[in-house]
Amino acid sequence: MTYIGRFAPSPTGPLHFGSLLAALASYLDARANQGQWFLRIEDLDPPREMPGATDLILFCLEKFGFEWNGSVIRQSDRSEIYQDRLQALLKSDLAYRCNCSRQQIKQRTGSSLYDRFCYSHPPAKTELCAVRCLCDTDIPFQDLILGQQQFPEYTDDFVIHRRDGLFAYQLAVTVDDAEQNISHIVRGSDLLDSTPKQLHLQRLFNYPQPLYAHIPVATNSQGQKLSKQTFARPLNQSDPVPQLGQALQFLGQQPEPDILSCPAPELLRWATENWKIERIPASTAIEWKEAD
Ligand code: GLU
């Protein structure tokens, strides 16, 4: 099997330690398996994005010694294909329009799970609507790090096109992973419960199913994932090696002290040769204290 991996950051801000973990694990697993590694910028949600973040991300990855295959794909250039897939689902009655607000759903169901109201009460054509995909069953899967996974409690008709006109992450990521022939998806465990939704869309579109490996997310002492919202510090581009060393340690790899005095590309070569995915802790979250 040809290995094709990817790193798919959303340009909401500069990369931080949490993003480095996903970049590094996906990169090393691909390279250790003689695979290709693609970079995809998931810039589908302008209100959440930071101007200039894409350039910052690419520059930072270069500084950290990452080398990707082919050209960088930007989701903002790919609306046509998402539109095509969306229409295919609508035409085959596998998706339907919905104008329920979060508040209405909560009032009716007492949760955020959708009750399929609009399937039996279609909104008028003139109404501004989201599109939901029919989804009855949870699809279990075998995660390469965490083992057997199943999330029946999150099964509902999820949104694939938002009411504000934007394509939803679940649709775009599934289409792109298939179009790029991604065989292995290595990413943070915060996306673990999105995986059954993506498996469901793969089945509807007759796409092959990639293998999944979800790495632990780094959290602060309150158990919150490092992110822009929790004020994670941007990576320090002028000194990549110590941060790469810390990321390797977090991922259960055991970098030898001498290798930590080499330049980043050499450290990455060493890490590729010594990569053992089975050393990554089988845990969804691990606390991480950012150095002062
Ligand atoms: N764009 C997503 C993020 O930055 C990652 C998508 C994925 O790896 O599936 O959280």
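This text follows the structure it describes.
Let me sum up the structure you'll find in this document. This one's a predicted model, so the numbers in the text were calculated from it and none came from an experiment.

## Re the packing of helix 1 (residues 17-32) against helix 9 (residues 264-273)
Step number 1: Two elements in contact, helix 1 and helix 9, have axes separated by 8 Å at closest approach and are oriented at 65 degrees. Of the two possible hands of crossing, helix 1 and helix 9 adopt the one that is right-handed. Facing Leu-24, Tyr-27, Leu-28, Arg-31 and Ala-32 of helix 1, the residues of helix 9 in contact are Leu-268, Ala-271 and Thr-272.

## Points about the pattern of salt bridges
Step number 1: One pass over the structure, following the stated rule, counts 13 salt bridges.
Step number 2: Two residues, Asp-176 and Arg-78, come together in a salt bridge whose shortest N-O distance is 2.7 Å. On the criterion of sequence distance, the pair formed by Asp-176 in helix 6 (residues 169-179) and Arg-78 in the loop between strand 3 (73-74) and helix 3 (79-91) is long-range, its members being 98 residues apart. One exposure class covers both Asp-176 and Arg-78, and it is buried.
Step number 3: A salt bridge links Asp-84 to Arg-85, with the nearest nitrogen and oxygen atoms 3.1 Å apart.
Step number 4: Overall, Asp-84 belongs to the partly exposed group, its relative accessible area being 42%.
Step number 5: The network of salt bridges with shared partners includes Arg-6, Arg-40, Glu-42, Arg-78, Asp-176 and Asp-177.

## Focus: the side chain of His-184
Step number 1: Tracing the sequence through the fold places His-184 in strand 9 (residues 184-188).
Step number 2: Within the structure, the side chain of His-184 is placed 2.7 Å from the side chain of Ser-183, a separation counted as a polar contact.
Step number 3: Aside from chain neighbours lying at most four places away, what touches His-184 is Met-1, Tyr-3, Ile-4, Gly-5, Arg-6, Leu-144, Pro-210 and Leu-211.

Scoring rules and cut-offs
- Residues numbered from 1 in each chain as written.
- Predicted model: local features only at pLDDT ≥ 70, side-chain atom pairs only at ≥ 80, totals over all residues.
- Heavy atoms only, no water.
- Axes fitted to C-alpha atoms, helices over the stretch in contact; angles between N-to-C directions.
- Helix = DSSP H or I, 4+ residues; strand = E, 2+ residues; numbered from the N terminus.
- Left-handed = near helix turned anticlockwise from the far one by under 90°.
- Contact = heavy atoms within 4.5 Å.
- Salt bridge = Lys/Arg side-chain N within 4 Å of Asp/Glu carboxyl O.
- Buried < 20%, exposed > 50% of the residue type's maximum accessible area, 1.4 Å probe, protein only.
- Polar contact = N/O pair within 3.5 Å; in protein donor to acceptor, adjacent residues only side chain to side chain.

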